[in-house]
Amino acid sequence: MASLTNSRLHHPLLHSVRQWLESREIHSAKLAHFLCRVIPAQCPFERDVKLFGHQLFHIPAMCKLNPLYEQLVSLRFKALCYLADECGEDVTAYC
């Protein structure tokens, strides 16, 4: 199973999407605000779903499930920097 998961992480299409996300630059305040709203500031916590004291299932942290998580967080950071540096906005609401 580990080799199957590892091969999925290194799929050529996934690699292309990673490169595309990493090469994006932010030039619009509207887009920057949108990205800051939809991309979470932190990795959502993992959870155990329980019913009557019995664990039904475990939800791992989303950053462990999403192979593009680092690129999305980087894109969010670029958006925050654009808003703060280029637009002079206070971005504390997104932190």
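Use the structure listed above.
Residues numbered from 1 in each chain as written. Predicted model: local features only at pLDDT ≥ 70, side-chain atom pairs only at ≥ 80, totals over all residues. Heavy atoms only, no water.

Thoughts on the nonpolar core
For soluble globular proteins, the rule of thumb is that nonpolar side chains tend to be buried together. What counts is decided by this rule: Here, nonpolar core means buried Ala, Val, Leu, Ile, Met, Phe, Trp, Tyr and Cys residues that are tied together by side-chain atoms lying within 4.5 Å of each other. The rule is simple: take the accessible area with a 1.4 Å probe, protein chains only, and divide by the maximum for that residue type; under 20% is buried, over 50% is exposed, in between is partly exposed. Helical segments are the DSSP runs of H or I of at least four residues, strand segments are the runs of E of at least two, and each set is numbered from the N terminus. Between two residues, a contact is recorded if the distance between any of their heavy atoms is within 4.5 Å.
Core analysis: the largest hydrophobic core is formed by 15 residues, its most contacted members being Ile-26, Ala-32, Leu-35, Cys-36, Ala-79 and Leu-83. Of all elements in the fold, only α2 (12-23), α3 (29-38) and α5 (69-86) reach the threshold of two or more residues within this core. The dominant element in this core, judged by the number of residues it contributes, is α5, at five residues. When near neighbours in sequence (up to four residues on either side) are disregarded, Cys-36 contacts Arg-76, Ala-79, Leu-80, Leu-83 and Tyr-94.

Re the environment of Glu-25
Operational definition: Polar contact is defined as a pair of N or O atoms within 3.5 Å, subject to the rule that within protein one atom must be able to donate a hydrogen and the other to accept it, and that residues adjacent in sequence are counted only when both atoms are side-chain atoms.
Mapped onto the elements of the fold, Glu-25 is located in the loop between α2 and α3. The spacing of Glu-25 and Tyr-82 is 57 residues in sequence and 9.1 Å in space, taken between C-alpha atoms. Side chain to side chain, Glu-25 and His-27 meet in a polar contact 3.3 Å long.

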